[in-house]
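# Understanding the architecture of this molecule
The residues making up each chain are set out below.
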Amino acid sequence: MLPLRRLAPLPLSHAHAPRRLLATAASASPLPWPGLHAWRRAPPSDLRTWGPEGPCASDADEGGPPGADAGAGSSLAEMGALVLSTADPLAKARLTHAAFTRWATGLPVGVARAPDHPARPDKPVVVTQKEITTHKEMGVPLNAYMLHNLAHVELNAIDLAWDTVVRFSPLWDTLGDGFFADFARVADDESRHFRWYSQRLAELGFSYGDMPVHNLLWRECARSSNDVSARMAVIPLVQEARGLDAGPRLVQRLLGFGDHRSAGIVAKVAEEELAHVSVGLYWFLEVCQMMGRVPGDTFKDLIKEYDVALKGPFNYPARDEAGIPREWYDEKFKKEAASKLSEVHDRLVSIVEMEKENASVNG
């Protein structure tokens, strides 16, 4: 069995036992979010267009026919590797949906090797974070600027989810179907979100690639490439959780700009990101249990080891709903928890001393 940390580069055998379709992960740990079971059991969503009233199905293709590539992979991992090697963003989203749909109808997990970096188109131009300018400096409307940034986040999220599926496919015997089903579903959700943002950008006269972007989002993925527990900690529980924090603020900015249609898309995406954080927490707890580690201490150790910043303001209600303990990420609650433990300790010491005095008097 390969270790869950410091994953060896050599893949295991491609031979796998038959599985149930849309298998649910084993429930050794309590579900962090009550809606997680329903999310796992839902069929692949075809609501990949944003209509007048919200998400809807469309007879239109997603930028072209899937072609032979959609059926080229013989396993989920091979399909994921194909997505990671696809540069065109709309083709990447289309292949993602095709892969998850095939998985739902019986595609095995399999084993594949992930590329070091996902393929990217010539545009957008990638610059350093310091070189990113404001929408006013670019001369573009605030809503288009925000939507382009969000589309870039979703494109990275597609690749992050598929990299998790492909890179850890050698651990299928340890992690089971449920792990790969969950992150293939996350990838499918992210591809739908990218489609919505791309559609809205087109309605505003823009397209993904029109504005420069930075590549910081991929850094934590690359650094956690040999550690399942670290991948769960720094991607779903930090990066995805930041989406829970930012969502309401972004919605308010778009409403203030007068773009209610874009605000509706952002609100729906933020609502669906709750499942992604929750499923990351679920698998972090599972992996910690497999390794015999305490989840809270392990999370804090990994955040320190990988030098990940936990910055507010935090959306406490959304994070609470996802199931992330506040003391994991907020220093204020860490101090409060420590203070309460200290109070309990002092109280117990006083009780013990009183019992000793009583015993001495009675003796």
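Quick note: structure is the one above.
Residues numbered from 1 in each chain as written. Predicted model: local features only at pLDDT ≥ 70, side-chain atom pairs only at ≥ 80, totals over all residues. Heavy atoms only, no water.

## Thoughts on the overall build of the chain
On a plain count of helices and strands, the chain comes out with 14 helices and two strands. Looking at the chain as a whole, 51% of its 363 residues are labelled buried. Contacts in the chain between residues at least 24 apart in sequence constitute 81% of all its contacts with a sequence separation of at least 6. For the chain, the accessible surface area stands at approximately 17,000 Å², while carbon and sulfur atoms represent 57% of it. (Helix = DSSP H or I, 4+ residues; strand = E, 2+ residues; numbered from the N terminus. Buried < 20%, exposed > 50% of the residue type's maximum accessible area, 1.4 Å probe, protein only. Contact = heavy atoms within 4.5 Å. Areas by Shrake-Rupley, 256 points an atom, 1.4 Å probe, with all protein chains shown as cover.)

## A word on empty space enclosed by the protein
Following the criterion strictly, the structure yields three cavities of 30 Å³ or more and no others. Around the largest cavity sit 14 residues that line it, and Phe183, Val186, Ile235, Pro236 and Glu240 are the ones nearest its centre. Take the lining of the largest cavity: its biggest share by element is five residues, from helix 9 (residues 228–257). By residue class, the composition of the lining of the largest cavity is nine nonpolar, two polar and three charged. (1 Å grid on protein atoms, 1.4 Å probe; cavity = no way out; pocket = protein on both sides within 12 Å on 5 of 7 lines; lining within 4 Å. Points joined across faces, edges and corners; volume = space filled by probe spheres on them. Nonpolar A, V, L, I, M, F, W, Y, C, P; charged D, E, K, R; others polar.)

## Some points on the pattern of salt bridges
Inspection of every chain in the model, using the stated rule, returns 15 salt bridges. Between Arg261 and Glu203 there is a salt bridge whose closest N-O contact spans 2.9 Å. Here Arg261, found in helix 10 (residues 260–291), pairs with Glu203, found in helix 7 (residues 177–203); they are 58 residues apart in sequence, far enough to count as distant. With relative accessibility at 26%, the residue Arg261 sits in the partly exposed group. Residue class for Glu203 comes out partly exposed when judged on its relative accessible area of 39%. One salt-bridge network, held together by shared partners, links Asp189, Arg192, Lys268, Glu271 and Glu272. (Salt bridge = Lys/Arg side-chain N within 4 Å of Asp/Glu carboxyl O.)

## A look at the layout of surface pockets
In this structure, the largest pocket occupies an estimated 1,500 Å³ of space. Lining the largest pocket are 45 residues; nearest its centre among them are Val153, His214, Leu217, Arg242 and Ala246. Contributing elements (two or more residues each) for the lining of the largest pocket: helix 5 (142–167), helix 7, helix 8 (219–223), helix 9 and helix 10. Per-element accounting of the lining of the largest pocket gives the leading share, 13 residues, to helix 9. Of the residues contributing to the lining of the largest pocket, the split by class is 24 nonpolar, ten polar and eleven charged. What lines the second largest pocket is a set of 19 residues, and nearest its centre among them are Trp39, Ser45, Asp189, Arg192 and Glu272. Of all the secondary-structure elements, those providing two or more residues to the lining of the second largest pocket are helix 1 (36–41), helix 7 and helix 10.

## Regarding the side chain of Glu272
Of note, Glu272 is situated in helix 10. Owing to a relative accessible area of 16%, Glu272 belongs among the buried residues under this scheme. Engagement of the side chain of Glu272 in a polar contact is seen with the side chain of His193, the distance being 2.7 Å. (Polar contact = N/O pair within 3.5 Å; in protein donor to acceptor, adjacent residues only side chain to side chain.)

## What to know about the packing of aromatic side chains
Scanning the model with the defined rule gives twelve aromatic pairs in all. Both rings, one in Tyr282 and one in Trp283, keep their centres 5.2 Å apart while their planes meet at 80 degrees; by these two values the pair is edge-to-face. On the accessibility criterion, Tyr282 (0% relative accessible area) is buried. Of the residues examined, Trp283 reaches a relative accessible area of 2% and is grouped as buried. (Phe/Tyr/Trp six-rings, centres within 6.5 Å; stacked < 30°, edge-to-face > 60°.)

## Overview of unusual backbone geometry
Omega for the bond connecting Lys123 with Pro124 falls within 30 degrees of zero, at 10 degrees, which places this linkage in the cis form. Relative to the helices and strands, Pro124 resides in the loop between helix 3 (89–104) and helix 4 (135–138). The peptide bond linking Gly312 to Pro313 adopts the cis configuration, its omega dihedral lying at 0 degrees. Of note, Pro313 is situated in the loop between helix 11 (295–305) and helix 12 (316–322). For Asp307, which is not glycine, the phi torsion reads 55 degrees and is therefore positive. Looking at the element boundaries, Asp307 is found in the loop between helix 11 and helix 12.

## Comments concerning the environment of Asp330
Structurally, the position occupied by Asp330 is in the loop between helix 13 (326–329) and helix 14 (331–362). Judged by its relative accessible area of 8%, Asp330 falls in the buried class. For Asp330 and Lys311, which are 19 residues apart along the polypeptide, the C-alpha to C-alpha distance reads 8.4 Å. At 2.9 Å, the side chain of Asp330 and the backbone nitrogen of Lys332 are in polar contact.

## A few points about the nonpolar core
Of all hydrophobic cores here, the largest spans 93 residues; its most connected members are Trp162, Phe179 and Phe284. For this core, the element with the most residues is helix 10, which contributes 15 residues. When neighbours within four sequence positions are excluded, Phe179 is seen to be in contact with Thr164, Phe168, Val228, Met232 and Trp283. (Core = buried A, V, L, I, M, F, W, Y, C linked by side-chain atoms within 4.5 Å.)

## Structural notes on helix 7
Over its 27 residues, helix 7 runs 39 Å from end to end, which matches the ideal 39 Å to within 8%, given 1.5 Å per residue. When you tally the buried positions in helix 7, you get 25 out of 27 residues, the bulk of the element. Backbone geometry just after helix 7 places Gly205 at a positive phi near 90 degrees. (Expected span 1.5 Å × (residues − 1).)

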